[in-house]
Amino acid sequence: MNLLRAWFAGIPAYLWSGWGALASLFMFLALWDWGSQIYGDLVLPGPLATFVQLGALVDAGAAWPELAVTAKRALTGFALSLAAGSVLGLLAGLSVTASVMSRPIVTVLVGMPPIAWLVLALLWFGTGDATPVFTVFIACFPIIFVGALQGARTLDGQLKDVAHAYRLPLRMTLSDVYLPHVVSYLFPAWIAALGMSWKIVVMAELLATPDGVGAALAVSRAHLDTAASMAWIAAVVGLLLTAEYLVLEPIKREVENWRTAL
Amino acid sequence: MTLRVTGLGHRFGLADVLADIDLELPAGESVALVGPSGCGKTTLLNLIAGLERPSAGRIDNGYARPACVFQQPRLLPWQTALDNIALGLKAVGVARRERERRAATMGLRLGLANADLDKFPHQLSGGMQSRVALARAFVLEPDLLLLDEPFSALDVGLKAELYALLLGEIAARRASLLTITHDLMEAVRLSDRILMMAPAPGRIVGEYRLDRPRGQRDDGWIYRTTAAFMDEPAVRAGFGLPGQQAGGSVVALASAAAGRAKDRP
Ligand SMILES: Nc1ncnc2c1ncn2[C@@H]1O[C@H](COP(=O)(O)OP(=O)(O)OP(=O)(O)O)[C@@H](O)[C@H]1O
Ligand SMILES: [Mg+2]
């Protein structure tokens, strides 16, 4: 596929452009290290201690299974909200009444703290996969729904006339006129929701499940093992950064390169 | 093959925008539509293009391949100039290689550079965008061209070039042309017939035939005829110009061309 080829071809230039980001990341590590030197390893383990601990966790075979369980839950919830949010948002956006009616509901959903959903989910589903998946779903849904709604609401009537005047078949009207516009709204919403799902799942696991990164965090907290806590946090953040900058960001560039000057 | 508009009327909400329009456009004829801003020219064109349903009257469009150039370029912002030009070809199923070749040829003929064809619309100047919009219509080899002020963003040199190109295209294929313009000289240059519209509600108040064949109009004839046209009472009144001038030179020009720009009842 074209997108895939462009993605591979874009990697070197993209990595090169990442030096600035890398520099600021190292700056952050330096600050972190400085903080740990002031407060001591017991309160704030430094980057080195953290990564050594993370390495030990990986070596012991504890890290990957937990991360995989967590990722599976986050992605399941995310995929569900992606499907439901995109479809319902687009449908709502096509009708004026539906978009006006859905607005207050969305406001309620956005304003509802995820921890409140988590409590409800615990009561409804108990401690199992369903609780974190549901919490992720319900937290991501409004973000994607609003993106899809706006994409559909802002469809350009003038371009619709062009499609009509140039006798575009329905399929081509969808793929060449409507889809690119809608995707330019949907895609940022998907990325925001993915980041959200990753945060929510750890929180949900901390309180609701016996396994996963969140549960591991709960255990290390119970043992007052700051280094292990930091190691898990580093693993979660590291994975998110990798996914964001290695996969999503290049795709986003490719999808939206008509907006920005080449 | 002909376009016949009878008793056409249109309203937006409570406002009567067009009333009682009759118009006929047989194959090979070129008609210009002039009138003050807001008198309903674009609305009439949209109705003819089938983008809007008339409130009254009927439109019989016998042309098989009409093509439209809108008042704004209306390009797809996420497609390159080349893909935009090829839009209509893609719609009728022309293979990618072939439609890109034809689109590129047409783009170059309209004075776009090869590098411009790979740019997105927002990277093109206003004049380039209107040329892409023109190319998108021309490349379909239409038998009826509906143009809504297509040349207003272009400089004089380009205009002259594109007039020649346009006249060549429609003459070669005996295509018909309906042009909206604010430039009376452009109307005189491009058309066989000029229709003058008046607002509230939009209607046709004058029809002027230009007898000299389009290919034989030199600049001198065009200037004289335009001056004469601007002296027509309906035109002066329609554009809100002060009453007919008694100045010698204008009258002399008007009388010189009077035999050619006749008012048809
Ligand atoms: N979609 C619409 N809804 C309501 N009123 C409209 C709409 N489109 C046009 N009008 C009105 O119809 C009238 C004619 O508009 P139109 O665009 O046809 O004018 P025009 O002759 O093309 O003007 P210009 O020369 O400035 O382009 C105007 O008064 C305008 O306000
Ligand atoms: Mg107009």
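Rules used in this analysis
Residues numbered from 1 in each chain as written. Chains lettered and ligands numbered in written order. Predicted model: local features only at pLDDT ≥ 70, side-chain atom pairs only at ≥ 80, totals over all residues. Heavy atoms only, no water. Core = buried A, V, L, I, M, F, W, Y, C linked by side-chain atoms within 4.5 Å. Buried < 20%, exposed > 50% of the residue type's maximum accessible area, 1.4 Å probe, protein only. Helix = DSSP H or I, 4+ residues; strand = E, 2+ residues; numbered from the N terminus. Contact = heavy atoms within 4.5 Å. Disulfide = S-S within 2.5 Å. Donors = N, O, S within 2.8 Å, 3.2 Å for Na, K, Ca; no water. Near = heavy atom within 4 Å. Polar contact = N/O pair within 3.5 Å; in protein donor to acceptor, adjacent residues only side chain to side chain. Areas by Shrake-Rupley, 256 points an atom, 1.4 Å probe, with all protein chains shown as cover. Phe/Tyr/Trp six-rings, centres within 6.5 Å; stacked < 30°, edge-to-face > 60°. Axes fitted to C-alpha atoms, helices over the stretch in contact; angles between N-to-C directions. Parallel < 35°, antiparallel > 145°, perpendicular 65-115°, else oblique. Nonpolar A, V, L, I, M, F, W, Y, C, P; charged D, E, K, R; others polar. Pairing = 2+ DSSP bridges. Buried area = accessible area lost by both parts, 1.4 Å probe. Salt bridge = Lys/Arg side-chain N within 4 Å of Asp/Glu carboxyl O. Patch = residues over 30% accessible without salt bridge, like charges linked within 9 Å, V, L, I, M, F, W, Y side chains within 5 Å.

(A) How the structure looks around the nonpolar core. Residue and element names in this part refer to chain B. One finds Leu-145 and Leu-166 to be the most contacted residues of the largest nonpolar core, which totals 76 residues. If one sorts the elements of this core by residue count, helix H7 (residues 156-172) sits on top with seven residues. Not counting residues up to four positions away in its chain, the partners in contact with Leu-145 are Ala-67, Ala-137, Phe-138, Leu-166, Ile-170, Ser-176, Leu-177 and Leu-178.

(B) Broad picture of the state of the cysteines. All names here are of chain B. Overall, the coordinates contain zero disulfides over all chains when judged by the stated rule. Cys-39 carries a free sulfur, and the closest cysteine sulfur to it, the one in Cys-68, is 17 Å from it. Note on Cys-39: relative accessible area 1%, which makes it buried.

(C) Seen up close, the coordination of the magnesium ion (ligand 2). Residue and element names in this part refer to chain B. Each protein donor to the magnesium ion (ligand 2) is listed here as Thr-42 (OG1) and Gln-71 (OE1); together their distances run 1.9 to 2.2 Å. You can see Thr-42 sitting in helix H1 (residues 41-48) and its partner Gln-71 sitting in the loop between strand E5 (66-69) and helix H2 (81-85), a full 29 residues away along the chain. What makes Thr-42 partly exposed here is its relative accessible area of 27%.

(D) The arrangement of the side chain of Thr-80 of chain B in detail. Note that Thr-80 of chain B resides in the loop between E5 and H2. Sequence-distant contacts of Thr-80 of chain B, defined by excluding residues within four places in its chain, comprise Leu-117, Asp-118, Lys-119 and Phe-120 of chain B.

(E) Structural detail: the site of ligand 1. Residue and element names in this part refer to chain B. What surrounds ligand 1 is the set Phe-12, Val-17, Ser-37, Gly-38, Cys-39, Gly-40, Lys-41, Thr-42, Thr-43, Gln-71, Glu-149 and His-182. Contacts to ligand 1 include Cys-39, whose backbone N or O atom sits 3.2 Å from an oxygen atom. With respect to ligand 1, the side chain of Lys-41 contributes an N or O atom lying 2.7 Å from an oxygen atom. Coverage of ligand 1 by the protein chains reaches 57% of its 630 Å² of free accessible surface. The biggest single contributor to the shell around ligand 1 is H1, with three residues.

(F) The arrangement of the packing of aromatic side chains in detail. If you walk through the whole model with that rule in mind, you get 11 aromatic pairs over all chains. These aromatic residues form a ring-pair network of at least three members: Trp-117, Trp-124, Phe-125 and Phe-134 of chain A.

(G) The arrangement of the packing of helix H6 (residues 126-138) of chain B against H7 of chain B in detail. Residues and elements named next belong to chain B. Following both chains from N to C, one finds H6 and H7 inclined at 5°, their axes separated by 13 Å at the closest point. When the axes of H6 and H7 are compared, the pair comes out roughly parallel. Of H7, the residues touching H6 (which contributes Arg-131, Leu-134 and Phe-138) are Leu-158, Leu-162, Leu-165, Leu-166 and Glu-169. Of the residues in the contact of H6 with H7, the class split is six nonpolar, no polar and two charged.

(H) Region of the structure containing the sheet that holds strand E2 (residues 15-26) of chain B. All names here are of chain B. Read from one edge of the open sheet, three strands run E2-E1-E4, paired in antiparallel fashion. The open sheet has two edge strands, E2 and strand E4 (56-61), and neither has a second partner. The average angle at which neighbouring strand axes cross in this sheet is 20°, direction not considered. Sheet topology note: the strand E1 (residues 2-12)/E2 ladder contains eight bridges and is antiparallel. By the bridge assignment for E2, Leu-8 is matched with Ile-21. Contacting E1, E2 and E4, H1 crosses the sheet at an angle of about 125° to E1.

(I) Quick look at the interface of chain B and chain A. On the side of chain A, 21 residues touch chain B, which itself brings 24 residues to the contact. When the two sides are added together, the surface that chain B and chain A hide from each other amounts to roughly 2100 Å², 65% of it contributed by carbon and sulfur. Taken together, the connections running from chain B to chain A amount to two salt bridges. Taking the shortest distance from any N to any O, the salt bridge between Lys-90 of chain B and Asp-176 of chain A comes out at 2.8 Å. At the boundary of chain B and chain A, one finds six residue pairs in polar contact (both at pLDDT 80 or more). Sorting the residues of the side of chain B that touches chain A by element identifies E5, helix H3 (87-91) and H6 of chain B as the ones contributing at least two each. Per element, the largest residue contribution to the side of chain B that touches chain A is four residues, and it comes from H3 of chain B. Taken together, the residues of the side of chain B that touches chain A sort by class into 15 nonpolar, six polar and three charged.

(J) The arrangement of a nonpolar patch on the surface in detail. On the surface, a cluster of nonpolar side chains totalling about 940 Å² of accessible area is made up of Trp-16, Trp-19, Leu-22, Leu-25, Phe-26, Ile-233, Val-237, Leu-241 and Tyr-245 of chain A. Among the secondary structure elements, Leu-22 of chain A is positioned in helix H2 (residues 19-39).

(K) Summary view of the environment of Arg-224 of chain B. Residues and elements named next belong to chain B. When you line up the elements, Arg-224 lands in helix H9 (residues 219-230). On the basis of relative accessibility, which here comes to 27%, the residue Arg-224 falls in the partly exposed class. Separated by 175 residues in the primary sequence, Arg-224 and Ala-49 place their C-alpha atoms 33 Å from one another.

(L) Representation of the pattern of salt bridges within the structure. All names here are of chain B. One pass over the structure, following the stated rule, counts 23 salt bridges over all chains. Between Arg-4 and Glu-24 there is a salt bridge; the shortest N-O distance is 3.5 Å. One end of the pair, Arg-4, is in strand E1; the other, Glu-24, is in strand E2, and 20 residues separate them in sequence. The partly exposed category is assigned to Arg-4, whose relative accessible area is 36%. In this structure, Asp-183 and Lys-159 form a salt bridge, with 3.9 Å as the shortest nitrogen-oxygen distance. Highlighted residues: Asp-183 in the loop between strand E7 (176-180) and helix H8 (184-190) and Lys-159 in helix H7, separated in sequence by 24 residues. Taking relative accessible area as the criterion, Lys-159 reaches 18% and is therefore assigned buried.

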